[in-house]
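Geometric and topological summary
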Amino acid sequence: SFREQPIFSTRAHVFQIDPNTKKNWVPTSKHAVTVSYFYDSTRNVYRIISLDGSKAIINSTITPNMTFTKTSQKFGQWADSRANTVYGLGFSSEHHLSKFAEKFQEFKEAARLAKEKSQEKMELTSTPSQESAGGDIQSPLTPESINGTDDERVTPEVTQNSEPRAEPTQNALPFTHSSTISKHWEAELATLKGNNAKLTAALLESTANVKQWKQQLAAYQEEAERLHKRVTELECVSSQANAVHTHKTELNQTIQELESTLKKKEEEIEGLKQEINNARELQAQRDSLTQKLQEVEIRNKDLEGQLSDLEQRLEKSQNEQEAFRNNLKTLLEILDGKIFELTELRDNLAKLIECS
């Protein structure tokens, strides 16, 4: 209808629990179908609807006590007590499952708030009639007592009947002077007052009973919720067995991919080991060359010391040779002077001999 519009849609494989065994999943769609959340703005109701062609395979109204449970990375389920079944959805990815679960929780909370507002509205609506019937008496409303208990249904009807019957008595008094009729209406009025008192007492008692029933109902609801969670847990365990085949195929494929990846990593590790061995050999050669270089440097320093010593000795020897040369030059000069003097003396002697 136009008042009910889709607010979120996804695609999934739809399953229902086997009504006979309550353990195995029965597929209701041959392939993935569209699963949508619908919102009825008139009734303020959220529903999950899925169609396979023209056939409705899911028509579930979300209530505050429903729980959507993830049983695996791609599978989730919820129980619908009104449809007396458990629905299961298989998604193509974990992201789609998480998104559907988030929307389920969001609309479940919205349904809870809508229900609380509806109850508050009904309580406010019912307060004036309760005050007129029993003074300050207030009857709490529960889902089972919205339409009223037997006592609450009877009380307003009798009260409404008693008031019109009382009005003709007051209107009839000015028009009759018969004491018999007056006594009759007085007796009728007394009877109505007695009935009204009895009904008021019955209303008080029914109100107390409603409170007690409300407490019992809350306890029963808690117990039912606990049992429902337990059943859901057991159904989750059983549903996991049905998803083993799909998970097994996925796991086998994942294992093959991991084995291929592991093989590549082992080859890479072997290559790295070879490179490490080569690096170690190069390191050993480097250490050997470093040691030889240190020895050569030490030997070079020794040779440099010896060279420096030889240079000093050579310089000293050169200085001595230079001094010796200078001495020789001096002696040659002295010798040349002496030779010149002897030559002059010879020449003089030769002249003297020639003269004599």
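So, how was this worked out
- Residues numbered from 1 in each chain as written.
- Predicted model: local features only at pLDDT ≥ 70, side-chain atom pairs only at ≥ 80, totals over all residues.
- Heavy atoms only, no water.
- UniProt positions renumbered as here; feature names shortened; annotations may be inferred.
- Patch = residues over 30% accessible without salt bridge, like charges linked within 9 Å, V, L, I, M, F, W, Y side chains within 5 Å.
- Areas by Shrake-Rupley, 256 points an atom, 1.4 Å probe, with all protein chains shown as cover.
- Salt bridge = Lys/Arg side-chain N within 4 Å of Asp/Glu carboxyl O.
- Lys, Arg positive; Asp, Glu negative; His and termini not counted.
- Charge placed at Lys NZ, Arg CZ, Asp CG, Glu CD.
- Helix = DSSP H or I, 4+ residues; strand = E, 2+ residues; numbered from the N terminus.
- Core = buried A, V, L, I, M, F, W, Y, C linked by side-chain atoms within 4.5 Å.
- Buried < 20%, exposed > 50% of the residue type's maximum accessible area, 1.4 Å probe, protein only.
- Contact = heavy atoms within 4.5 Å.
- Pairing = 2+ DSSP bridges.
- Polar contact = N/O pair within 3.5 Å; in protein donor to acceptor, adjacent residues only side chain to side chain.
- Phe/Tyr/Trp six-rings, centres within 6.5 Å; stacked < 30°, edge-to-face > 60°.
- pLDDT = per-residue confidence, 0-100.

- By the naming in an unreviewed UniProt entry, the chain goes by Homer protein homolog 1 and is assigned to Columba livia.
- Per UniProt, the comment on the chain under Sequence similarities (unreviewed entry) is "Belongs to the Homer family."

1. Some remarks on a negative patch on the surface
- A surface patch of negative charge is lined by E266, E267, E268 and E270.
- Within the secondary structure, E266 is located in helix α4 (residues 244-355).

2. As for the nonpolar core
- Counting residues in hydrophobic clusters, the biggest one holds 24 residues, and the most contacted among them are Y37, I48, I58, W78, L89 and F100.
- Those elements that provide at least two residues to this core are β1 (4-17), β3 (33-40), β4 (45-52), β5 (55-61), β8 (85-90) and α1 (94-134).
- Counting residues per element, this core draws most heavily on α1, at 7 residues.
- The contacts of L89, once residues within four sequence positions are left out, are A12, H13, V14, V35, I58, K74, F75, G76, W78 and F100.

3. Describing the pattern of salt bridges
- Going through the model one piece at a time under the given rule, you end up with 6 salt bridges.
- In this structure, D40 engages R43 in a salt bridge whose closest nitrogen and oxygen atoms are separated by 3.0 Å.
- Relative accessible area serves as the criterion here: at 1%, D40 is assigned to the buried category.
- For R43, a relative accessible area of 47% translates into the label partly exposed.
- The salt bridge involving K103 is made with E106; its shortest N-O contact spans 3.8 Å. Of this pair, K103 and E106 both sit in helix α1, 3 residues apart, roughly one helical turn.
- A residue is classified by how much of its surface remains accessible, and E106, at 43% relative accessible area, is partly exposed.

4. Overview of the pairing of β8
- Among the 6 residues that make up β8, 6 are buried, leaving the element largely enclosed by the rest of the structure.
- Residues of β8 alternate between two faces, with T85, Y87 and L89 on one and V86, G88 and G90 on the opposite face, all of them buried.
- Relative to β8, β1 runs antiparallel, the two being bridged by 4 bridges. Directly across from F15, in β8, lies its bridge partner G88.
- Pairing between strand β7 (residues 75-80) and β8: 6 bridges, direction antiparallel. For F75, the partnering residue across the bridge sits in β8 and is G90.
- Taking the residues between adjacent antiparallel strands as the criterion, β7 and β8 are bridged by 4 residues, where N84 takes a positive phi near 55 degrees.

5. A word on the side chain of D40
- For D40, the location among the structural elements is in strand β3.
- Only 3.0 Å separates the side chain of D40 from the backbone nitrogen of T42, close enough to count as a polar contact.

6. Concerning the packing of aromatic side chains
- A complete count under the given rule lists 14 aromatic pairs for this structure.
- Aromatic pair Y39 and Y46: ring centres 4.7 Å apart, planes at 35 degrees, arrangement tilted.
- Residues F68 and W78 carry aromatic rings whose centres are separated by 6.2 Å and whose planes lie at 35 degrees to one another, so their mutual orientation is tilted. Of this pair, F68 sits in the loop between β5 and β6 (69-70) while W78 sits in strand β7, and the two are 10 residues apart along the sequence.
- Its relative accessible area of 13% is what places F68 among the buried residues.
- Ring pairs connect the aromatic residues F8, Y37, Y39, Y46, F68, W78, Y87, F91, F100, F104 and F107, which therefore count as one cluster.

7. What about the confidence of the model for the chain?
- Within the chain, residue pLDDT values average 78, and 79% of them lie at 70 or more.
- Taken as a whole, residues 128-177 scores under 50 in pLDDT and shows 45 contacts with residues more than four places along the chain or in a different chain.

8. Quick look at the side chain of S60
- Note on placement: S60 falls in strand β5.
- The exposure class assigned to S60 is buried, which follows from its relative accessible area of 0%.
- A polar side-chain atom of S60 sits 3.2 Å from a polar atom in the side chain of W78.
- Among the polar contacts made by the side chain of S60, one reaches the side chain of D80 at a distance of 2.6 Å.
- With sequence-adjacent residues up to four places away left out, S60 is seen in contact with Y46, R47, I48, M66, W78, D80 and Y87.

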